[in-house]
Structures are given as structure tokens and as C-alpha cells.
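Here is what each chain is made of, one letter per residue.
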Number of protein chains: 4
Amino acid sequence: MTITPPELSVFESLESEVRSYCRGWPAVFDRAQGSRIHDEDGHTYLDFFSGAGALNYGHNNPVLKRALLDYLERDGITHGLDMSTTAKRAFLTTFQDVILRPRDLDYKVMFPGPTGTNAVEAALKLARKAKGREAIVSFTNAFHGMSLGSLAVTGNAFKRAGAGIPLVHGTPMPFDHYLDGRVPDFLWFERLLEDQGSGLNQPAAVIVETIQGEGGINVARAEWLRGLADLCKRRDMLLIVDDIQMGCGRTGPFFSFEEAGIVPDIVTLSKSISGYGLPMSLTLFKPELDLWEPGEHNGTFRGNNPAFVTATAALDTYWADGQMEKQTLARGEQIEAALRDIAREHQRSGAEFRGRGLVWGLEFTDKQRAAKVCARAFELGMLLETSGPESEVVKLLPALTISPDEVDEGLRTLARAVRETA
Amino acid sequence: MTITPPELSVFESLESEVRSYCRGWPAVFDRAQGSRIHDEDGHTYLDFFSGAGALNYGHNNPVLKRALLDYLERDGITHGLDMSTTAKRAFLTTFQDVILRPRDLDYKVMFPGPTGTNAVEAALKLARKAKGREAIVSFTNAFHGMSLGSLAVTGNAFKRAGAGIPLVHGTPMPFDHYLDGRVPDFLWFERLLEDQGSGLNQPAAVIVETIQGEGGINVARAEWLRGLADLCKRRDMLLIVDDIQMGCGRTGPFFSFEEAGIVPDIVTLSKSISGYGLPMSLTLFKPELDLWEPGEHNGTFRGNNPAFVTATAALDTYWADGQMEKQTLARGEQIEAALRDIAREHQRSGAEFRGRGLVWGLEFTDKQRAAKVCARAFELGMLLETSGPESEVVKLLPALTISPDEVDEGLRTLARAVRETA
Amino acid sequence: MTITPPELSVFESLESEVRSYCRGWPAVFDRAQGSRIHDEDGHTYLDFFSGAGALNYGHNNPVLKRALLDYLERDGITHGLDMSTTAKRAFLTTFQDVILRPRDLDYKVMFPGPTGTNAVEAALKLARKAKGREAIVSFTNAFHGMSLGSLAVTGNAFKRAGAGIPLVHGTPMPFDHYLDGRVPDFLWFERLLEDQGSGLNQPAAVIVETIQGEGGINVARAEWLRGLADLCKRRDMLLIVDDIQMGCGRTGPFFSFEEAGIVPDIVTLSKSISGYGLPMSLTLFKPELDLWEPGEHNGTFRGNNPAFVTATAALDTYWADGQMEKQTLARGEQIEAALRDIAREHQRSGAEFRGRGLVWGLEFTDKQRAAKVCARAFELGMLLETSGPESEVVKLLPALTISPDEVDEGLRTLARAVRETA
Amino acid sequence: MTITPPELSVFESLESEVRSYCRGWPAVFDRAQGSRIHDEDGHTYLDFFSGAGALNYGHNNPVLKRALLDYLERDGITHGLDMSTTAKRAFLTTFQDVILRPRDLDYKVMFPGPTGTNAVEAALKLARKAKGREAIVSFTNAFHGMSLGSLAVTGNAFKRAGAGIPLVHGTPMPFDHYLDGRVPDFLWFERLLEDQGSGLNQPAAVIVETIQGEGGINVARAEWLRGLADLCKRRDMLLIVDDIQMGCGRTGPFFSFEEAGIVPDIVTLSKSISGYGLPMSLTLFKPELDLWEPGEHNGTFRGNNPAFVTATAALDTYWADGQMEKQTLARGEQIEAALRDIAREHQRSGAEFRGRGLVWGLEFTDKQRAAKVCARAFELGMLLETSGPESEVVKLLPALTISPDEVDEGLRTLARAVRETA
């Protein structure tokens, strides 16, 4: 495919320098369907990025699209603040019936605003209120959002510096594998907690991702997560699982923590919860934590009803039985096998891979390599992004609805891009 | 109209106690069109609330709806992060041509995330980065959002307490009229700034609303705003106008600060910018402030393309000429005349009113009265909300597209509700 | 008197650049007695500075000296942490009998460490603990100390910048006269407190000096202090009077707040409490505020027993009757009369004066003038210092034990220095 | 020895509940000489506490006493702020000649105020100013003082809680031996520093005690200190050694860090620097760090001239040759041998000991045991204190000038107290 220079001058002259993804993908995108996205010059790309995990069911999923169009056409409520609406009730009921009850999860549902960082801010507020303490423990290479509360528990130094104030009240602990197995799990963390002279402010809560997507596809073992949940219980800290990127089936089960068998006190969901890329987020918590006063946290777009409609359709369509989970794991095995081949072929480049379900990372000794692979993949008609503090990991994040053939196509393109950047 | 008890049990059992608007309006809303909103039991309400200012063009505005449906039907990009898309380009171009250029405003446009608090967080970050200082001055009764950065410059003690940490780096100054004209404008503020011993940390920026919507419909005079802009210039502070609720034509002109003839360094827009109640926000700033590094601030839903589509349609439809502004001011006069009558009739209750364009407040000596008026209005088939730190102000916020007859109807209902709560 | 260049090279090469007083007084001091201080080159200076108020009874006061020598000679406990000692008991008993009981003040006594900032840190800690709130209100041009807690409530921007971190949890309010009488007392402060939307974090306490010594000899009126005490009571804030510089008789009565008839909740004393220039400080508080746990605040030198000995001797000698207060007020009138003459003579230079007891300030339109006056006074054999945020005020702080003749001599020298710097 | 109930009622009724040491030693002390302290009821105690390390040369050391009496008798300057005085010059010269030059240490000397926490506050301010960063790394079980800056880097949770505000800008790292050798030195710390995604705010400085006195007599190995110094150099952090308790010869050499062969960027000294228990402290730093502006940090009692006099005498008398260091190490061996015997005798109680020079700790499995041992020792006529976060360690801190016979006596009493509390 030949890429003719796209017309980007409007963006360059009118939009802020803060824009980033568009720099790696110099195209003007126009339409998309499933795992294919088309630019205005007629080029088509296979999408292995899926809106950073916001498009688990593919672009403009036809089932969701039908529900959305019907709703809009009949003048359903679009913007509802936190008014009661039929669309919200349908979502709440479906979420309860399809997701929570079958998993035996007893959570109250909060609509904290339309985006992930709103959900994290609400989770942190609630934890602090419940425990009467300010401190939060987060993990190395965590990513939780860009507003000041979420940013304070995010690891990336570059993004932290953007705050313009010292970010405090958070302390990082080592994520699983961070010290390469040279230190027993939670040795340091527990010692700090049990020692009245340690200097650690007693935390209200711990916030964790089960797989760190932005942080470099770092996968926590189930036993590590169980150890953490146990530590939280023993040391009177709330456990918050930020499932914004890894939830909604990305790792196989609906919630990424199901595999570990833990039950967090608070869970955040966003990205793919609407299923259609529409802004929506949820903060879930155990009923005894529902200490909010009416209106203590609010927000203009917390009642994005079109998103409730597509969310309801997505849950009904994909989660009423266990098919989606099985399919995701199957596609995951397909990817794993291919990555194993690539790693074997490029073992002199130190190629390593890791992941679960439909989230995978590929890393090389040369930290610049990942960016080169993604750039080459783009030229070859595929959207792939990097992650990690130094953008050193190639991140694979295809739609859960991708077909086996599309997976194969993507993996072949990836293999070629790796080969051609050696 | 008789209200039969609506079916609210799902909300009560599944949703968090944090919900608030739904408590004052015990109905389950289903459909809406223009200034009318319908519940599932067949009742219709005249909307003088407009999604807290997020629905300036009414519910499901047909022009915008057509554009949105067309876009969704043709599988336009829904979720785009900050990728370049045809929908974003159309919006940027239209915003430049219809809004910025005719007003001689030279602003770079940033998409900081889908909701107002994202826009404020980005504005504060940028101001701090540009000036290398942490402190921000805000005003009494300001409302800027619920995430920690925005909440620190918000006045409401109840919402501030929700933070669970001490909110610092912000200092409140008296908004216009706050001290009832007993103190010269900015006497205190300027004295603090000029005195090297005052103890005020030198501010990076001042953030202000031209009319405080949540704070009680407090209207700043044009000369006060000019005085503030002048003070900022003389004392090397950036001026941020938070135009999230008052922008997009609410006060008449597109930007609420146009009347004062000031040019803020940074402007935030959200609520009605998409025109259809879809989550979208903008942070605008002078080109010399575009100091962002690529990706220094990001967010999953900053590229909500369906919102770009309706935003573009709204600008094209309503702002290509000066009709909307004229119409808003005309409707405003209609409201002002009616409020004058109400105030005269209820002067023994201390009734007072204030406002501009299509944002008005009505206050009584008895601070409980406003809530009673709104409750009675609801029974009479009208959505009206209170504002102010003690919910002591009846807030009128009809759609800009409301008809003169609907305005009359609403004002008659309001007058009746006032009378019946005496 | 001709000043030959003193030998200062040791200080210049070995001591930090942070040193300051020594720069204005280029001499190496060796001995002192009463109000006279002698340098090693044989020059004698009349001291109108008194160790910034730490030497209210003059240098090496003979009565205190005798008590100190006796104590040291008999090997009395020198360093006692917070052990019970006979010297501490004598001090406590005398302080109770001579100072507290006659004034009907019921205060518990805390020895928070040897210096003023220790006393302020302890006061702020206790206030925060008692009220469960972080915020403290201080005043423009306040000075409370250099450690981080005290510095956060100190006004001087230059000293604040030395913190190296943003100083938060404090908010400045206008000191008496700050807005030149154009604003009713406490209008702004009370409005912030009563308004639930003001954005002021509810303060645990207010900390105030009755006369701001470092801030420019700003004298609060008695009615202003009473208004403040009343506001604190009505609004549930503790009132802390920092009497470190103005206590111990500087303004006439032992406590500077006696004249106003107020009873602070917490009082800090230091500087002249030992009477001999030895490091010692006290934090006093109402018994119901004695919420400390044993050892919750500690410090190595909080039991400086030689200081207890001289402190006891000073109280016994000077405060057993009302003579000291009368004498101070008489000397104060002597100074006031002379300053009136100087101000009249130099009214074209905008000379103004203010003060009470034995603390006075003299200010000119030209802000550089004060430093010139002090420099010229030094050449003429007199120690005088400036104060104020721009060192714009000549500060007169003679020993309370100064003789009328010495006062006259000093005032004549001052008058000459003013004249010769015109 | 029989203890008759001492007269403590004055302290109980007049002094704050914050007092602590006096509770463990219910006596009223009156006189002291060398290692003996006498109460008013005629009892004598052998002092193995030495003012928490502030009396390294014993109580009322006769050489220092003579110098002090002479100075006071001749009316030498007592209180000097930061004026140049002959007493200060003598100290500076002697400190340079006797301490710094022979050790090849090139430090500027700052007098930051009279107590240890002043020295730490100044050190932290300077480090933050020099590096332009807020964050400081401290260690588990560190103790640096009670004012807010120092308290934020102190480990003890009980004392931290006294702050009344969240203590931020500090992060604890594991002190040597903290994780029982299960983790390579600095593995975690260095990983945090090298990883741009770790979430650790880049520190301006690291503050460390070579032996943690209050923290439980935790002894850092020389190689650990060298590793830390090396890490600081490689990662652009300043190294601050807080030598307030361990300096002035406590561990043998004048500075406790000499054994490790490191040269800190900043050093704090206090406690025994005056040698006579008089309040005095120093902050030392490399000349290139002398970035202070004149007066940027100040304090009323930073020129405690009587303390300069005794400090000078102490340096001249004890540090002009290497005798003091040798003697301290010899007495240390005497203690170590005795502790070995005690540990062997009580190995079933888990008795363990550690220390260096003349600072030793003795710990038992039963954490209450230490307090019992100290209480019994008091009954037997000996002052001994506990340390550690749970007061679980018996701390031996005799004067450096103690005689071998007194050491023996103390050790016999200790052995008996241990035996009698079994």
C-alpha cells in the first residue's frame, strides 16, 4: 500500500501540540467497521489497537449500532445527568442480571462521569472517606488517569510532571515481577505496614491493575493478586481494582480479577463498558461502602444515555453466556503461539512476550525497536501501538470480536514488521 | 397533572446513594424533544433546566440529530482518541471559521477529555507549567468540577469535603458583589499581590466564571471582569475563563466574556459545545501558551467523534450569523420582565432576581423557598432546579431554542409555583 | 567615633552566606552590659535592638547573672530534657504565682523546645489536633518562624520561598489597618466563614501577633483584637496569640494582649522569657486543650535548666508588682514624644511613627531611608534595625530596663541619623 | 536504695500532659556531675542516658564549666543573633582547625537555630533549593525532629500523627538490615530511580542517620553507607547525614560517618556540640551548596554564645588529638563484652545486642521487657532509656568521659535488672 501525504495542516495549525497518537499514524481516518478502519484517502488498516481498549466489540458493532440508532431515532433521552431514565434502568438491570449476579458480586453502581479518570477520582474519594485517611498505595508503572487525583497514583514521570504541583498522598510499591523475583512478594509493603516506625502513612486503599496496559503489559500472577487482597484485608486497606482497560472481557472473563478469585472492595470500569466507544464509566463498590451523601460527587455527563443503550446491548449480546470468554481465550492462544514463533526467531534481539486473553506485549532489548515495529506495521496497513515508560513494548489489543483470519493477518503483518526492523 | 408513584426501585437498590437530581424529580424519563421531556408514565414536562446548560439547543435537536444519524449510519469513526479524523477536521475548521476568526480570537484548541472537569484540569496544568508556580486564585462560590484539581478551586464546602484530602494550592477571592459593594473591586487582591509580606503564594493564574451558575447565578459586571483582566496582566497571572456553563451562547454571545471585551489567556468549554448532550470539552489557549509536549495530557474519550459531528452542525446552524445571540437576548428580556413582576408581587418575601441572556436566578429571604418552588413546579409539569451554596436560588436555564410561547408558559408556571409556596 | 575595619575574614570564609545582621553591623562584639554593647576594637554601642526582643532586661542583667552563676557553680542540672528538676519546679511555681494567677489566666505550660518556632509548631499541632482540621488563618505580614509549620503562616515572600516546597494549609487575612480603614473589620473573613460556598477550608485556628514586629511594627487596636477573639469564639476557631516578641512586657503588661482584655486559647512565649538571652520557649493553653499524649511532641533542649533559673529570677525581680509595666509605659511616652518631634521635622519626607510600650516604628515615604538611618546610627554608636517586608521601617526596641538618660541619648542619635540621611 | 515518693504535684498540675521522660523517672533532679545525677531527696543515679546524647562529656564538665563561668563573669555577649562575636569566631576557628581541616572536610558552617530540628529544617530547605525538587527520601525508623519539615522525614507513626496534617514530600526506604538481608542493598531504591514509570518523585536529597538512636539502635554497615553515598552521586541526589545524636564522638570518631569513608553533602550536628547541654546546632555543607541569600533562614537563638564558648572548650580539650576516639572504642569494647555475656545468659529470652562506640542496644523477644529493665534499673539507681518504635530496645548511652569503673558498675546494674525482670 502506498501512503500519499495526508492533509494534516488543519490539525497542525489549529490543534494543540499535546496531540500524540495522530503523530504516529499520519492519516485522516474517516470510517470504520469491526477491525477495519479506513482513512479518507482510501487506505484500510487492520486495527490491533481498538481505541486503547475502548472498542472491545470492534468499530461500529452492528448490533449496538442498531440499538443506538433506534434509541436516537425515537428521541430517547440523550443527556440525563443523574435523572432516572428508562435507558439507565435497562442498563442497571442488565448489568445486575448478566454481570454481577452470576458472579455473585454484590456491588452498588455509581456513574461518576463519562471517562475513566472520573471513575478513579470517585473511587479514591470514597476510599479516603470510608477510612478517614489520605494515603493511597499504587504500583510502579501504574496508569490511572490525568486529573490530579488519578495522576498522583500514576507512575509515568513525564505525565506526572505535567501536574505542575508536587503530587503527594501516594506511595508506589513494586508491581508483580518488578524486582525480578529477587524479593518475596509484599515483603517490603507488609514490613512498612506492620512497623509503627516505618514512616509510611497508613493507606486508606491500594489501587491496582491486574495487567498494566499503559505500563508495558505487565501481568500480575493470580497468586500475587490473592496475596495483595489478603494483605489489604489483614491491614485494613481497601482494595481498588482499576479494570478500566482490562475489564469488559479483555483478558477473557468480564472482570480481569475473576481468574484470581478475588473480590475487590471497589472496581472501576470505563473504556469498553459502553461497547461503542461512547464515553461512560462506572465505579462499583460493596454496599457497606456506599457512604456518599446525595450529590457529594457529581458531573454533567454522568448520564450519557446513548452509552447506556449500547452498553446494555453489548452485555445482552456478548455476556449472557460464556461464549465471549471462551472465544477470547482461543484467540489469545492463537496470538501466543505466533508470538512464541516471533520470539524464537528474534531471540538474538532479546524478543520477549507476555499477556493474557487478548492483551499481549512484545519487547526487545533495543528499546527503540517497538516504535519502529509499530511504524512499519502502519505502513503495512495495521494499527499497533507501543506502551511502557519508554514506549519499549509493542502492544497487541485487537477487538474481542476479531475473526481468526484477521488475527492471522495481523500476526503475519507483525512478524513482517519485526523482521523488517531488525 | 397527577403523578402516580413511578417505578424507582431499581435505582434505589442498585445505584449508589450519591445520585441527586433524581431525588427531586421522582419520575423515570424516557423521551424528549426540544423543551419537552416525557416520562414513562406519559407525563410531559417543560424543561427550564436543559441538562444544567448542556442542552442549549434543546433535546434531540432535529438538525443535529440528522447529522448524527447520518454519521453513525455511514460508520463514521466513533471513538478516535486523538487520531486525526474527518469529523475532527470539520469541527476544527468550523470552530475556527464560525467562532474564533469572526471574534478575532487566536486560540489553539485542545481536546482534554469528554467532560468539563477534564478541561479545567488541563487549563490548570497548563497555567502552572507556563508560569512555574503552583498557586491558583479562584472566587467565592466558584464551581469548576469534581476531580481533585478542579475541586481545589471550587467553593462548595460540602463537595470539597468529599475530596478526603486537604485541598490546597488555591485561594478564594471575593467574586463581584460578594461584599455588597462595601469594598472597592480588587482592593484586597491587589494589596496581597503588591505586598511582599502578604503571605499569598504568587498565583500562576486566576480562574473565573463570568456568571456563577452553580454558585447562585452571581453575575459579574463587565467592568469587574475588565478590572480582573487588567489585574492579571499587571501582576503576571494568566486569566482562565471557565465558560463551561455560560459559554455556547447561554448569555447571548457565543462566549460569555465577549460583552466585557476581554480576551482570556485560557478558556474552557464543555456542556453545550456538542450541542446534543454528548460528552465533549475544549480547552482553548493563546498560541504562545501551547507549551504541551505530545501526550503530556491524554485521555481515552478526548476524540468523541459523534460529538464533533453534532458540534459542527450546531455551529453551522446557529452561529453562522448573529441571529442566535439576538434571539437569546430577546427571550431574556421576556424572562426579565416576568421576574420583575414576580419580584414586585413577592417583595414582602424579599424576592430578588438577577441574570443575563437565558440564565436567571430568583431568590427569597427564606432560603428554603427555592426548593419548594422547584418541587411545586415539578408537580405542575416543569423542570426547574435550585443553585447556590444553600440551594437558595431558583435557576432558570431554558434552551436557547425555546419558543416565546414556551417561555410564557414556563413563566406562568413559575409564578404559580411561587404563589403556591408563599 | 571612627570605626576601623574589623577583622571579619573568619566569618566570611567559614560561615554560610545566610548570615545577615552581621552585614549591617560590621564589628566583632565581645562584651555587653545593660544597654551597652562593646566590640573588640573598644567601641561601645547603645543597644536599641535588644536581641530582637530577647534581651528585655538588658545584656547580662546582674540579678539574673548572679542566679545563673550560682546555679552553674553548684552544678545544678544543665540539660534536663523533660525530666522533673528543682529548677523547672521553681520556674513553674513562680510563673503560676507571679504571672498567671494574678491575671486570672488558667493555662497549662508546655516546654516545646528552646526557640520560638518550636513553640509555634507545638501550638499549631495542638490546634489541629484539637479541632481535627488542617487549615490555619494567619495575617498579612505575620512572622512566626522558619521551620516549615511556622513558615507556612509567615507572610514574607522571600523567607517563604526558602521552604523549597509550596507552603499550604495557611490563608492570610488582612491585619488591622491593612486596607487603610476602607473595609470594615473582619468583613471579608467572616463572610468567608459564614458562606458554605466560599472555598475557605474551615480553620482550626487563627494565629496573630498583637503588634507585628518583623512585619513593620503594625499595631492592632484593642477593639480589633477583641473583634478577632469574638469571631474565633463564634466561628469555632482557636485563637493563638504569638507573643514571642511582644510578650514579657515589651508593650507594657506582661502579655501584650492584656490591654485588649482578651484571653487567647493558646499563647506562645520565647525570646525574653529566660530574661538572659538563653534559648527557652513556652506554649501555654487552656487546660481543656491539653490533649497531648505523653511524648507526642518532644525535643532535646526543651529542658534548658539554666534558662529556667534566669527566667525565675526575672519574674521574681521584675514582675512581682506593677512597677515594670508603669516604667515601660513611661519610657514609651518619652519615645513617643521624640518621634512626634522627628515626624514633625521630617513631614516632607512622609515620616510616620507608631508603637506602644517600648516597641516603636518610624517610616518614611522613601523605603530605602530606614536602612540608611540604621546604618548612620551604627556609625554614631547605636544599634538600630529595620523591619517590614521591604525593610522600610526603623524599629526601636530598647531594653525595658533602659534608663531615661539612655533613652534620651538614643533618641538624640536617632534624630541626628534621620537628619543626616535626608 | 529506697525511693520515697517525690514531690511531683507541681508538674502534674501546671505542666502539660505531653511530658514523658519524667514519667519513667519519678524523681526531682537537682544536681549532677560527670556521670552522676542527684535528686532532691538525696538519691544518686548513674547516668547511662546522657541527655539523649547531649551530654557526651558528662554533666557540668569542669573544664567547660570553667570556660563558661569565666565568660559569663566577664559579661561576654550572651545572645548574639547572627552578629559577629569573639566567641563565635573562636568557635569557628577551632572547629575548622580541630575538626574540619584534619579530616580534610571542606564545609561551610551555618548556625540554623539552637536545636536539632532547626538544623534539619535548614538542611532540607537548602537541598530543595539546590536541586529545585521537593521530594526527600528518608529511612524506616528515622528520627529527625518535631517541626513539620523534620517530622515529615521521621518514621514514628505516633509522632507523625501529632502533625495534624498529612505529612508529604517524603518517602521511606529500607534502612540497612531492615529486610533481614533478604533483599540486595538499594535494589528497590535504585530500581525506582532508574525507572521513568516508577511513580517516585525524583528526590532532592536522602537524609540518613548512620546509627538510628531513637529508631532502635539500628547500625548501618560501612559498606551500606558507601553504597548509599554512591547511589546519591550516580542519581543526582544530595546526601544529608543527620549526625545530631551520633556525631560529636558518640560512635568513636568525631563524625559517625568517618568510619565509612564517605563525605556527605550536608551534615547536621546538635546535642553534644556545645558539650555542656546548652542548645546549639550546626548545619554544614559543601561550599558549592552555600546558595543561601542573606537572612533567607534566620532565628532568634542561632547565636547562643555561651554554647559557643563551651563548644570551643570541648573541641580544644577532647578533640585536639585522637585520645577521645580511642577511649570511646575501648569503653565500647568493655560494654560489648558485657552485653555478650548478658545475651548468652538470656538467650532463651531472645536477647540480642548491637552498637558501636558508646551507643548500644539490647533487645528481647518480649517487647515489654526493655521498659521493665529500665524501670528496675532506675530503682537500682541508674538512668537507662528505651528506644525503638515500640520502646522495645534498652539503649545504653553513657558519657564518653565515663570511667571504666563506672561502666562496670552500670553493666552490673544492667545485668541485675535484666535478671530481675526475667
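An unreviewed UniProt entry annotates chain A as Diaminobutyrate--2-oxoglutarate transaminase of Streptantibioticus ferralitis. Per UniProt, the comment on chain A under Cofactor (unreviewed entry) is "pyridoxal 5'-phosphate".

### Structural notes on the overall build of chain A
Scanning chain A for helices and strands turns up 14 helices and 17 strands. In summary, chain A has a C-alpha radius of gyration of 21 Å against a globular reference of 22 Å for 422 residues, a match within 12%. Taken along the three principal axes of its C-alpha coordinates, chain A extends 60 × 60 × 45 Å. Going through the 422 residues of chain A one by one, you find that 70% of them count as buried. A separation of at least 24 residues holds for 73% of the contacts in chain A among residues at least 6 apart in sequence. Approximately 12700 Å² of chain A is accessible, and the part contributed by carbon and sulfur atoms is 46%. Of the side-chain charges in chain A, 45 are positive and 57 negative, and the distance between the mean point of each set is 2 Å.

### Looking at the interface of chain B and chain C
At the interface, 33 residues of chain B touch 33 residues of chain C. When the area that chain B buries against chain C is broken down by residue, the three leading residues are B:Tyr178, B:Trp188 and B:Gln196, summing to 21%. Summed over the shared surface of chain B and chain C, the result is zero salt bridges. Secondary-structure elements contributing two or more residues to the side of chain B that touches chain C are helix H8 (157-161), strand S6 (170-173) and helix H9 (187-194) of chain B. When the residues that make up the side of chain B that touches chain C are grouped by side-chain class, the tally is 16 nonpolar, 12 polar and five charged.

### Details of the domain arrangement of chain A
All names here are of chain A. Taken domain by domain, chain A holds domain 1 (9-61 + 323-419) and domain 2 (76-318). Distance between the C-alpha centres of domain 1 and domain 2: 25 Å. Between domain 1 and domain 2, the residue contacts involve 31 residues of the former and 30 residues of the latter. For the domain 1 and domain 2 pair, buried surface summed over both sides reaches about 2500 Å², with 49% attributable to carbon and sulfur atoms. Among the residues of domain 1 in contact with domain 2, Tyr57, Arg356 and Val359 are the three that bury the most area, contributing 29% of the side total. For the pair domain 1 and domain 2, the number of links is two salt bridges. For the salt bridge of Arg356 with Glu259, the shortest nitrogen-to-oxygen distance reads 3.0 Å. On inspection of domain 1 and its partner domain 2, the count reaches 18 residue pairs in polar contact (both at pLDDT 80 or more). Among the secondary structure elements, those contributing two or more residues to the side of domain 1 that touches domain 2 are helix H3 (50-53), helix H12 (323-345), strand S13 (352-356), strand S14 (359-363) and strand S17 (393-396).

### Considerations on the sheet that holds strand S6 (residues 170-173) of chain A
Residue and element names in this part refer to chain A. One open sheet accounts for seven strands, arranged S4-S12-S11-S10-S7-S5-S6; its pairing is mixed. Every other strand in the sheet has two partners, leaving strand S4 (108-110) and S6 as the edge strands with one partner each. In this sheet, adjacent strand axes meet at a mean angle of 25° when their direction is disregarded. Bridging between strand S5 (residues 136-139) and strand S7 (residues 205-208) involves two bridges; their strand directions are parallel. By the bridge assignment for S7, Val137 is matched with Val206.

### Concerning the packing of aromatic side chains
Inspection of the entire model under this criterion finds 80 aromatic pairs over all chains. Aromatic side chains A:Phe139 and A:Trp224 sit 5.2 Å apart centroid to centroid with 70° between the ring planes, which places their arrangement in the edge-to-face category. Residue A:Phe139 is located in strand S5, and its partner A:Trp224 is located in helix H10 (residues 222-234); the two are separated by 85 residues in the primary sequence. Each member of the pair, A:Phe139 together with A:Trp224, is buried. Ring geometry for D:Phe91 versus D:Phe308: centroids 6.1 Å apart, planes at 20°, classification stacked. Placement of D:Phe91 in helix H5 (residues 86-100) and of D:Phe308 in helix H11 (residues 305-318) is noted, with a sequence separation of 217 residues between them. We classify D:Phe308 as buried; its relative accessible area is 1%. An aromatic cluster of at least three residues, connected via ring pairs, comprises A:Phe91, A:Phe95, A:Phe111, A:Phe254, A:Phe255, A:Phe257, A:Phe308 and A:Trp319.

### Observations regarding the relation of the copies chain D and chain C
It takes a turn of 180° to lay chain D on chain C, together with a shift of 0.0 Å along the axis; the resulting RMSD is 0.0 Å. Such values leave the two copies arranged in the relation of a two-fold axis. Across chain D, the rotation axis passes nearest the C-alpha of D:Leu148, at a separation of 2.7 Å. A high fraction, 100%, of the interface residues of chain D reappear at the interface in chain C, so the copies pair face to face through one surface.

### With respect to the packing of helix H4 (residues 62-73) of chain C against helix H11 (residues 305-318) of chain C
All names here are of chain C. One way to put it is that H4 packs onto H11 with a least axis distance of 9 Å and a crossing angle of 145°. The way H4 lies across H11 gives a crossing that is right-handed. Contacts between H4 and H11 pair Val63, Leu64, Ala67, Leu68, Tyr71 and Leu72 from the former with Asn305, Pro306, Val309, Thr310, Ala313, Ala314, Thr317 and Tyr318 from the latter. Considered class by class, the residues forming the contact of H4 with H11 number 11 nonpolar, three polar and no charged.

### What about the interface of chain D and chain C?
On the side of chain C, 105 residues touch chain D, which itself brings 105 residues to the contact. Overall, the association of chain D and chain C removes approximately 9200 Å² of surface from exposure, summing both partners, and the carbon and sulfur fraction of that is 60%. Joining chain D to chain C, the criterion identifies eight salt bridges. A salt bridge links D:Asp30 to C:Arg74; the nearest nitrogen and oxygen atoms lie 3.1 Å apart. Summed over the shared surface of chain D and chain C, the number is 52 residue pairs in polar contact (both at pLDDT 80 or more).

### Remarks on the side chain of C:Gln245
Residues and elements named next belong to chain C. Summarising the element assignment, Gln245 is placed in the loop between strand S10 (238-242) and strand S11 (266-269). Here Gln245 falls in the buried class, since its relative accessible area comes to 8%. Looking at Gln245, its side chain comes within polar contact range of the side chain of Glu214, at 3.2 Å. Excluding residues that lie within four positions of it along the chain, Gln245 makes contacts with Ala52, Gly213, Glu214, Arg250, Lys271, Lys395 and Leu397.

### Re helix H10 (residues 222-234) of chain B
Residue and element names in this part refer to chain B. In this model, H10 (13 residues) spans 18 Å end to end at C-alpha, consistent with the 18 Å of a helix rising 1.5 Å per residue. Regarding H10, the residues found buried are Ala222, Trp224, Leu225, Leu228, Ala229, Leu231 and Cys232. Where H10 is buried, its residues contact strand S5 (135-139), H9, strand S7 (203-208) and strand S10 (238-242). Residue Asp236 follows H10 closely and has a positive phi angle near 55°.

### Digging into the side chain of B:Ser150
By the secondary structure assignment, B:Ser150 is in helix H7 (residues 148-151). Overall, the relative accessible area of 0% leaves B:Ser150 in the buried class.

### Digging into the relation of the copies chain B and chain C
Of the transformation superimposing chain B on chain C, the axial component is 0.0 Å and the angular component is 180°, with the fit at an RMSD of 0.0 Å. Residue by residue, 100% of the interface of chain B is reproduced at the interface of chain C, so both copies engage with the same surface.

### Considering the sheet that holds strand S15 (residues 382-383) of chain A
The strand order across the open sheet formed by four strands is S1-S2-S3-S15 (chain A), and the pairing between neighbours is mixed. The open sheet has two free edges, formed respectively by strand S1 (29-33) and S15 of chain A, since each of these has just one partner strand.

### Here we look at unusual backbone geometry
Positive phi values are uncommon outside glycine, yet C:Asp180 reaches one of about 55°. Turning to its location among the elements, C:Asp180 is positioned in the loop between strand S6 (170-173) and helix H9 (187-194). Exposure remark for C:Asp180: the relative accessible area of 62% places this residue in the exposed category. The phi dihedral of D:Ser391 falls on the positive side, at around 50°, and the residue is not glycine. Mapped onto the fold, D:Ser391 is located in the loop between strand S16 (385-387) and strand S17 (393-396). A relative accessible area of 34% places D:Ser391 in the partly exposed class.

Scoring rules and cut-offs
- Residues numbered from 1 in each chain as written.
- Chains lettered and ligands numbered in written order.
- Predicted model: local features only at pLDDT ≥ 70, side-chain atom pairs only at ≥ 80, totals over all residues.
- Heavy atoms only, no water.
- UniProt positions renumbered as here; feature names shortened; annotations may be inferred.
- Helix = DSSP H or I, 4+ residues; strand = E, 2+ residues; numbered from the N terminus.
- Rg over C-alpha atoms; globule rule 2.2 N^0.38 Å.
- Buried < 20%, exposed > 50% of the residue type's maximum accessible area, 1.4 Å probe, protein only.
- Contact = heavy atoms within 4.5 Å.
- Areas by Shrake-Rupley, 256 points an atom, 1.4 Å probe, with all protein chains shown as cover.
- Lys, Arg positive; Asp, Glu negative; His and termini not counted.
- Charge placed at Lys NZ, Arg CZ, Asp CG, Glu CD.
- Buried area = accessible area lost by both parts, 1.4 Å probe.
- Salt bridge = Lys/Arg side-chain N within 4 Å of Asp/Glu carboxyl O.
- Nonpolar A, V, L, I, M, F, W, Y, C, P; charged D, E, K, R; others polar.
- Domains from an automatic or database assignment.
- Polar contact = N/O pair within 3.5 Å; in protein donor to acceptor, adjacent residues only side chain to side chain.
- Pairing = 2+ DSSP bridges.
- Axes fitted to C-alpha atoms, helices over the stretch in contact; angles between N-to-C directions.
- Phe/Tyr/Trp six-rings, centres within 6.5 Å; stacked < 30°, edge-to-face > 60°.
- Least-squares fit on C-alpha atoms with pLDDT ≥ 70 in both.
- Left-handed = near helix turned anticlockwise from the far one by under 90°.
- Expected span 1.5 Å × (residues − 1).

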